[in-house]
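Residue-level structure breakdown
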Amino acid sequence: MSRGLFALLLVLLVAGFLASLALGPVAIDIRAALGAIFGDGPEALRLIILEIRLPRTILALAIGAALGIAGAALQGYLRNPLAEPGVVGVSAAGALGAVVVFYFGLVRVFPYALPLGGLLGAGIGVWLVYALAGRGGSTATLILAGVAVNALAGALTALALSLAPSPYATLEIIHWMLGGLTDRSMTHVWLALPFILAGAVLLATLARGLDALTLGEDAAQSMGVSLAGLRLRLVLGTALAVGASTAVAGVIGFVGLVVPHLLRGRVGYRPGALLVASALGGATLTLLADLAARLIVTDREINLGVLTALIGAPFFLALVLQARRSEP
Amino acid sequence: MFKQKNPHPEVAAPLGAALEGWTRARRRALAALALAAALLASPAQAEVSAKPQRIVSLNVCVDQLLLLMVDHRRIAALTVFATDRDWSNMPKEARGFRTTHGRAEEVLPLKPDLVIGGEYSAPDTIALLRRVGQRVEVMRLANSIEDVRNGMRWLGNIVGEPDEAEALVAALDRRLSAVARAVPPGPRPVLAFYNTSGYTAEPGTLADDVIRLAGFDNLAGRFGLRIGGRLNLEMIATARIDALIAIDTAETSASRAVETVQHPALARLAANRPFAAIPGRLWTCETPFVAEAAERLARLRAETERRR
């Protein structure tokens, strides 16, 4: 990644981080907010920063990074620019897993059931998409596989919510289909962060293999890259990162599509370098989108997933048009 | 089906369009039957039959009032929520009754002589039941303590038990006036009520009325929240509040809405000041259980006074 791009993303990320601590229903001075992180200031201030805004900021960064790197990894391995956790249904499958363990009481007995449910769902989703579309399959096949997985996971989620004992459950489908970070707390950070980090690190190790694959499968194998090993790490890493993200925030779509596309040219079209760049870009985009979700309307919040879809869907349309034009 | 704030579970059902065909014929038949019954009935029988004998409830508030007011043999069906601890104050008493999800197809075979729904009962179901000649009454939502009294009296009248209703109202009033009398003189402490998803007790709601009766100043009123307005944890953290209440989530089944009340920030706010968890079922309905909510608030008021 070029130094300039890295610096720009880092500046945006730091600015977003500070804004995310300072802005909200109650305006807080940035220095006071930073002080509160280290335990300074009145109790109300520390409470707002440490228990409300910091967990939200951490989740936005971690989930954005997870979605960015998972999108880049899926695109690199499947050799398909439209592969993305939301588009291919991996996020929706993760949400289904989380919904089942959350609403039927398992999470009360064993809190880590939440990320594990998301992980299992996302794992099944990613495996299904791979089984249906395969590596280097046509874009149409991949998108159709995604439509099928999304439809199935969405229907099963709606079914689970209709059968859930809580009368609120059916009203909460939006929190899973178009997720967000409203009222998420440190509890959710501790539940999701270890899994997201493990998944992101696992996906980052794909860099050398994905670069080698650009030379063709034979060349990659002669360089000592095992396709099966690469695939296993891709499935496991995506399940961990996307599953845990979705389990605490619901589906936040298109981050993994938009970010790698914006950055691909900047890293010299090397899928390996794109991984870490997309993690950084995903974290930045998601944090800024979450700020917008909090600030656009003052008396209530827009779900983050609604905003990323509003950014991402037109982007997706533009990609479709581009693909049509390049067809003979 | 119902708004998210304190949803009264009401059983709702889609419209069964298939039933429309035989509506007119059935209505005519029913009218003929009613006429025949009126001609045949002696005055004494009319007295008895004036009291509905097969009552079906479509609303969990009505469920509880029926259990309190009428001979249980006159209850043809309660709602599925009647035995649910999340929503009903009388889950044990409600056991053993037939229950429905409030679908017209479940209600009609019970041949009820009175169906009682709530404001949030599925309008399609109520319209359908009425179209086939079924008598359906709809209980209003209670937005004040006066509404609670009126609601109980209203139900007592339509089920033919006005004396039972009066007795319940009198018992409620005795307990509420004890709460009002116990309020210490002096400035009112400010209380914040944090309900699911930040909903609260805005001015013009039953909960606001009870909070003020117990001698508190309601934070939602200070902020001038309108109906449907919400508080957020940051507002509560920075406002000067003397006491805090939230709904009791210990017994409720898991949901994102309930999870908002389990936020660690709220637990920390509650740890530093007088706090009470009040189950929503106590004061979302026009039942005598409103008195228990008021008494819990009165205890919190006394604790607040001690810690001032």
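Predicted, not measured: the structure shown is a model, and the values here were computed from it. (Residues numbered from 1 in each chain as written. Chains lettered and ligands numbered in written order. Predicted model: local features only at pLDDT ≥ 70, side-chain atom pairs only at ≥ 80, totals over all residues.)

Let's shift gears to the pairing of strand β6 (residues 190-194) of chain B. All names here are of chain B. Counting buried residues in β6 gives 4 out of 5 residues, a clear majority hidden from the surface. Both β6 and strand β7 (residues 217-218) contribute to a ladder of 2 bridges, which runs parallel. Bridged to L191 within β7 is N218. Regarding the hand of the β-α-β motif, the stretch spanning β6, helix α8 (residues 206-213) and β7 is right-handed. Bridging between β6 and strand β8 (residues 243-247) involves 4 bridges; their strand directions are parallel. Looking at the pairing, L191 lines up with A243 of β8. (Buried ≥ 20, exposed ≤ 12 C-beta atoms within 10 Å, placed from the backbone. Helix = DSSP H or I, 4+ residues; strand = E, 2+ residues; numbered from the N terminus. Pairing = 2+ DSSP bridges. Right-handed = clockwise from strand over helix to strand, strands pointing away.)

Okay, the domain arrangement of chain B next. All names here are of chain B. One can read the domain layout of chain B as domain 1 (51-139) and domain 2 (171-307). The C-alpha-based centres of domain 1 and domain 2 are spaced at 30 Å. When its residues are assigned to classes, the side of domain 1 that touches domain 2 shows 3 nonpolar, 3 polar and 2 charged. (Domains from an automatic or database assignment. Nonpolar A, V, L, I, M, F, W, Y, C, P; charged D, E, K, R; others polar.)

Soluble globular proteins tend to pack their nonpolar side chains together in the buried interior. Counting 197 residues, the largest nonpolar core has A66 and I69 of chain A together with V210 and V290 of chain B as the members making the most contacts within it. Per-element tally for this core: the top contributor is helix α3 (residues 43-78) of chain A, with 21 residues. Sequence-distant contacts of I69 of chain A, defined by excluding residues within four places in its chain, comprise A200, L203, A204, A241, L275, S278, A279 and G282 of chain A. (Core = buried A, V, L, I, M, F, W, Y, C linked by C-beta atoms within 7 Å. Contact = placed C-beta atoms within 7 Å.)

A word on the packing of α8 of chain B against helix α13 (residues 290-307) of chain B. Residue and element names in this part refer to chain B. At a minimum axis separation of 9 Å, α8 and α13 run at an interaxial angle of 45 degrees. On the basis of the axis angle, α8 is oblique to α13. Viewed along their axes, α8 and α13 form a crossing whose handedness is right-handed. In contact with V210, I211 and L213 of α8, α13 contributes V290, A293, A294 and L297. Across the contact of α8 with α13, the residue classes break down as 7 nonpolar, no polar and no charged. (Axes fitted to C-alpha atoms, helices over the stretch in contact; angles between N-to-C directions. Parallel < 35°, antiparallel > 145°, perpendicular 65-115°, else oblique. Left-handed = near helix turned anticlockwise from the far one by under 90°.)

Turning next to the confidence of the model for chain B. Residue and element names in this part refer to chain B. When the pLDDT values of chain B are averaged, the result is 86; 84% of them are 70 or greater. Every residue in residues 1-8 is under pLDDT 50, and counting partners more than four places away or in other chains gives 25 contacts. Low pLDDT, under 50, characterises residues 12-30; the stretch is placed with 26 contacts to residues that sit more than four places away or in other chains. Scoring the predicted complex yields pTM 0.86 and, for the interface, ipTM 0.86. (pLDDT = per-residue confidence, 0-100.)

With that settled, consider the sheet that holds β7 of chain B. All names here are of chain B. Strand order in the open sheet formed by 4 strands is β7-β6-β8-β9, with parallel pairing between adjacent strands. Both edges of this open sheet fall to β7 and β9 (275-278), since each of them pairs with a single strand only. The strands touched by α13 within the sheet are β8 and β9, with β9 carrying the most contacts at an inclination of about 175 degrees.

With that settled, consider the sheet that holds strand β1 (residues 55-57) of chain B. Residues and elements named next belong to chain B. Read from one edge to the other, the open sheet built from 5 strands follows the order β3-β2-β1-β4-β5, with strand pairing classed as parallel. Here the strands that pair on one side only, and so sit at the sheet edges, are β3 (99-100) and β5 (136-139). By the bridge criterion, 2 bridges tie β1 to strand β2 (residues 75-79) in an arrangement that is parallel. Bridge pairing links V56 to A77 in β2.

Once that is clear, we can look at the interface of chain A and chain B. The partner chain B presents 20 residues to the 25 residues of chain A that form the contact. At the level of elements, α3, α4 (90-103), α5 (106-109) and α9 (186-204) of chain A are the ones that each hand at least two residues to the side of chain A that touches chain B. When residues in the side of chain A that touches chain B are grouped by element, the largest group, 5 residues, is from α3 of chain A. Residues of the side of chain A that touches chain B, tallied by class, amount to 15 nonpolar, 6 polar and 4 charged.

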